[in-house]
Amino acid sequence: MQDTKLRGPAIWALVITGAAGFMAALDNLVVTTALPSIREDLGGKLEDLEWTVNAYTLTFAVLLMFGAALGDRFGRRRLFIAGLVVFTGASAAAALSPGINELIAARAVQGVGAAIMMPLSLTLLTVAVPAARRGMALGIYGALSGLAVASGPLIGGSLTEHISWQWIFWLNVPIGLALIPLARLRLAESTAPKAKLDIPGTLMISGGLFGIVYGLVNANADGWTSATVLTALVAGAALVGAFVVHGFRSANPVLPMRLFRDRGFFGINMASLLMFVGMFGSIFLLSQFLQGVLGYSPTEAGLRMLPWTGMPMIAAPISGILSDRIGSRPVVAAGLALQAIGLGWFAAIVSTDLSYAAQLPPLIISGLGMGMFFAPASNALMSTVVPADQGKASGANSALREVGGALGVAVLASVFSARGGYESSQSFADGTVPALWIGAAVVAVAAAMALLLPGRAKEKQGQAVAAGAAPAVEKVAAGR
């Protein structure tokens, strides 16, 4: 009879990695409802507000797989603790920032810490938990990350309104300081000593994505034909192209491009990228619209967004069961279609006197769509690759989601600033409408990409192969 209880080391691993994952996931959205207060306190233009979000998501995205490789090579516990130290210190620096530029720099460093911490937390948890209880432990970990995303706008709004916006960052400091010694004492060290580091590939994709996002963020302020913007966009695109070529030719690339030859892998990753473009860009604008145009307080804005950000906590488990019965493809495609309908509905009703009763249906539809996407998407992803590639596949998908978030904020804010601005409530509403329509269109394309996923029979075959795979042998040493 198998032991179904989580023992001491496994419980400690779940507590430590779960808390670290919660912090990193929370910082994706916690800043959104604080943006108006940050702008009022530190000043800054629209592009500065974009960078307070994108500085985190971009460094997180481009360094996520490199951070995992560093941990494999030099010790996962050691690098996990290093990531915690960086993240905690950068959170304090963000809270103490005297100006908007300092805040952006601190957010970038936060992203570096999260990129090291997040992927290693999953690996450390997997090593610590017996195989018979691994599904339950990973489910709890995933639920904590989902809770962080759902509660991010509400926590950010409540702290901003009742204390100050700085406390959205101070919140991380005591948690981080408590986790650092606990990780040293309670987590086991593990390595994969033959892991290879792809420094050229990491530099290419980091420089390429920064150039593209920089060009998009500054296009309206500097002009689309300005030398700075054109140079950034062209250089960024060239570096991303070089990264793709490198991924095909290198023996150990950070992202093996051969994986994208599988239609299902390509489809679910493009769907994930595009979904986050539409979702993150829309949340960035709507959180400000609720406060700056409709006059809600930060807490009220966070509460009113819960039908969207919180609905996945209800819908995700149901969609997981549904996808087991009919396959992931129809559930993922339907979820993305609902998300697109919700955004389009909101775009159609935006006005300076919009009631909450009118907002509620599109928020609920968007939330249902988001919840229907997440759980089946993970299953679909793993069914498209062989077991040996599952770690890189998961890391690639997480990184592409974060890239999508950064691009979404840059693209939708660019549309917003071309058609509106902060001059008046009407001007803000005028800019929000076309941006939301673009977000809806992008998510609709994501729904079409989801149709590339394998059917139920082929998906079941892929899952069977994964379930029957023997675990990789790794060097694991007990922590002291």
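Just so you know, these numbers come straight off a predicted model, no measurement behind them. In this convention, every chain numbers its residues from 1, walking through the sequence in written order. Confidence filtering applies because this is a predicted model: local features only for residues at pLDDT of at least 70, side-chain atom pairs given and counted only at 80 or more, and all residues used for totals across whole chains, interfaces and linings. Water and hydrogen atoms were dropped before computing side-chain values, which therefore reflect all heavy atoms in the structure.

Chemist: Honestly, the overall build of the protein chain in this entry has me stumped. Any pointers?
Modeler: Every helix listed is a DSSP run of H or I at least four residues long, and every strand listed is a run of E at least two residues long, numbered separately from the N terminus. Looking only at helices and strands, one finds 19 helices and two strands in the protein chain. When accessible area is computed with a 1.4 Å probe and restricted to protein chains, residues below 20% of their type maximum are described as buried, those above 50% as exposed, and intermediate ones as partly exposed. Within the protein chain, the fraction of its 480 residues that count as buried is 55%. Here, residues are in contact when the closest pair of their heavy atoms is within 4.5 Å. Summarising the internal contacts of the protein chain: among those between residues at least 6 apart in sequence, 83% fall at separations of at least 24. Note on areas: Shrake-Rupley, 1.4 Å probe, and residue coverage restricted to the protein chains presented here. Summed over its atoms, the accessible surface of the protein chain is roughly 18,900 Å², and 66% of this surface lies on carbon and sulfur atoms.

Chemist: When you look at the environment of A192 in this model, what are you seeing that I'm missing?
Modeler: Within the secondary structure layout, A192 lies in the loop between β1 (189-191) and α9 (199-222). Separated by 122 residues in the primary sequence, A192 and L70 have C-alpha atoms spaced 9.8 Å apart.

Chemist: How should I be thinking about the packing of helix α3 (residues 46-74) against helix α11 (residues 263-292) in this particular structure?
Modeler: The description of two helices packed together rests on the angle between their axes and the distance between the axes. Here α3 crosses α11 at 135°, and the two axes come no closer than 12 Å. With respect to their mutual orientation, α3 and α11 come out oblique. α3 and α11 meet at a crossing whose hand is right-handed. Of the residues in α11, those touching α3 at L46, L49, E50, V53 and T57 are F280, F284 and Q288. In this analysis an axis means a line fitted to C-alpha atoms, helices contributing only their contacting stretch, and an angle means the value between N-to-C directions, from 0 to 180 degrees. Our angle categories are set so that under 35 degrees counts as roughly parallel, over 145 as roughly antiparallel, 65 to 115 as roughly perpendicular, and the remainder as oblique. By the definition used in this description, the sense in which the near helix is turned from the far one sets the handedness, with an anticlockwise turn below a right angle giving left-handed and a clockwise turn giving right-handed.

Chemist: Would you mind going over the confidence of the model for the protein chain with me for this structure?
Modeler: Caution applies to low-pLDDT regions: their predicted coordinates should not be interpreted in detail. pLDDT: the predictor's confidence for each residue, scored from 0 to 100. On average, residues of the protein chain score 82 in pLDDT, and 89% of them reach the 70 mark or higher. For the stretch residues 469-480, pLDDT sits under 50, and the model shows 19 contacts to residues farther than four places along the chain or on other chains.

Chemist: Would you mind going over the side chain of T33 with me for this structure?
Modeler: By secondary structure assignment, the location of T33 is in the loop between α1 (8-29) and α2 (35-42). On the accessibility criterion, T33 (0% relative accessible area) is buried. Not counting residues within four places of it along the chain, the set of residues in contact with T33 comprises P153, G156, G157, S287, Q291, P298, A301 and G302.

Chemist: Mind showing me how you'd approach the side chain of S414 here?
Modeler: Secondary-structure assignment places S414 in helix α17 (residues 390-419). By relative accessible area, which is 8% here, S414 ends up buried. Among residues more than four places away in sequence, those in contact with S414 are L216, N220 and W224.

Chemist: Can you walk me through the nonpolar core in this structure?
Modeler: Judged by nonpolar contacts, the single largest core of 133 residues is most densely connected at F80, L84, F284, F289, W308 and L336. Here the element with the most residues in this core is α11; it accounts for 16 residues. When sequence neighbours within four positions are dropped, the list of residues in contact with F289 reads L294, F346, V350, S351, L354, F428, A429 and T432. The criterion is simple. A nonpolar core is a set of buried Ala, Val, Leu, Ile, Met, Phe, Trp, Tyr and Cys residues joined through side-chain atoms within 4.5 Å.

Chemist: Can you walk me through a nonpolar patch on the surface in this structure?
Modeler: A cluster of nonpolar side chains, L147, M313, I314 and I318, forms an exposed patch at the surface whose accessible area comes to about 380 Å². Per-element tally for the nonpolar patch: the top contributor is helix α14 (residues 312-326), with three residues. Its place among the elements puts I314 in helix α14. Candidates for patches are residues over 30% relative accessible area with no salt bridge; among them, like charges are joined within 9 Å and nonpolar side chains (Val, Leu, Ile, Met, Phe, Trp, Tyr) within 5 Å. Only one rule defines a salt bridge in this text: a Lys or Arg side-chain nitrogen within 4 Å of an Asp or Glu carboxyl oxygen.

Chemist: Quick question: what am I supposed to make of the pattern of salt bridges here?
Modeler: Working definition: two side chains of opposite charge can pair if their charged atoms are close together. In total, this model carries one salt bridge according to the counting rule given. D27 is paired through a salt bridge with R107; the nearest N and O atoms lie 3.5 Å apart. With a gap of 80 residues between them, D27 in helix α1 and R107 in helix α5 (residues 100-128) connect regions that are remote in the sequence.

Chemist: Sorry, what's going on with the packing of aromatic side chains here?
Modeler: Two aromatic rings, taken as a pair, are described by how far apart their centres are and by the angle between their planes. Here is the rule: rings of Phe, Tyr and Trp (six-membered ring for Trp) pair when centre to centre is within 6.5 Å. Planes less than 30 degrees apart are stacked, more than 60 are edge-to-face, and the remainder are tilted. Under the definition given, this model contains nine aromatic pairs. Aromatic side chains W165 and F169 sit 6.3 Å apart centroid to centroid with 85° between the ring planes, which places their arrangement in the edge-to-face category. Judged by relative accessible area, which is 4%, W165 ranks as buried. Assessed through its relative accessible area of 0%, F169 is described here as buried. Between F276 and F280, the aromatic rings sit 5.7 Å apart at their centres with planes inclined by 20°, giving stacked as the arrangement. With a gap of four residues between them, F276 and F280 both fall in helix α11, about one helical turn apart. When sorted by exposure, F276 lands in the same class as F280, which is buried. Among the aromatic side chains, those forming a connected cluster through ring pairs are W51, F210 and Y214. A positively charged side chain is recorded as over a ring if its NZ (Lys) or CZ (Arg) lies within 6 Å of the ring centre. The angle to the ring normal must also be within 35 degrees. Cation over ring: R304 sits above Y296, and NZ or CZ is 4.3 Å from the ring centre. Positioned above the aromatic ring of Y356, the side-chain terminus of R304 is 5.3 Å from the ring centre.

Chemist: Would you mind showing me how to read the packing of helix α4 (residues 76-95) against α5 here?
Modeler: Following both chains from N to C, one finds α4 and α5 inclined at 150°, their axes separated by 7 Å at the closest point. The angle between α4 and α5 places the two elements in the roughly antiparallel class. Of the two possible hands of crossing, α4 and α5 adopt the one that is left-handed. Polarity classes work like this: nonpolar for Ala, Val, Leu, Ile, Met, Phe, Trp, Tyr, Cys and Pro, charged for Asp, Glu, Lys and Arg, and polar for all others, with Gly in that last group. When grouped by side-chain class, the residues that make up the contact of α4 with α5 number 17 nonpolar, six polar and two charged.

Chemist: Explain helix α8 (residues 172-186) to me, please; I cannot follow it from the model alone.
Modeler: Every α-helix carries 3.6 residues per turn, so stepping three or four residues along brings you back to the same face. Helices are assigned an expected span. That span is 1.5 Å times one less than the residue count. Between its terminal C-alpha atoms α8 stretches 20 Å, which fits the 21 Å expected from 15 residues at 1.5 Å a residue. Buried within α8 are the following residues: N172, V173, G176, L179, I180 and A183.

Chemist: Is there a simple way to explain the environment of M257 in this structure?
Modeler: In this structure, M257 sits in the loop between α10 (227-249) and α11. What M257 contacts, discounting residues up to four positions off in sequence, is F243, V244, G247 and F248.

Chemist: Would you take a moment to explain the environment of Q288 for this structure?
Modeler: Here Q288 lies in helix α11. Linking Q288 and S37, residues 251 residues apart in sequence, is a C-alpha distance of 9.9 Å. Not counting residues within four places of it along the chain, the set of residues in contact with Q288 comprises L35, P36, L49, V293, Y422 and F428.

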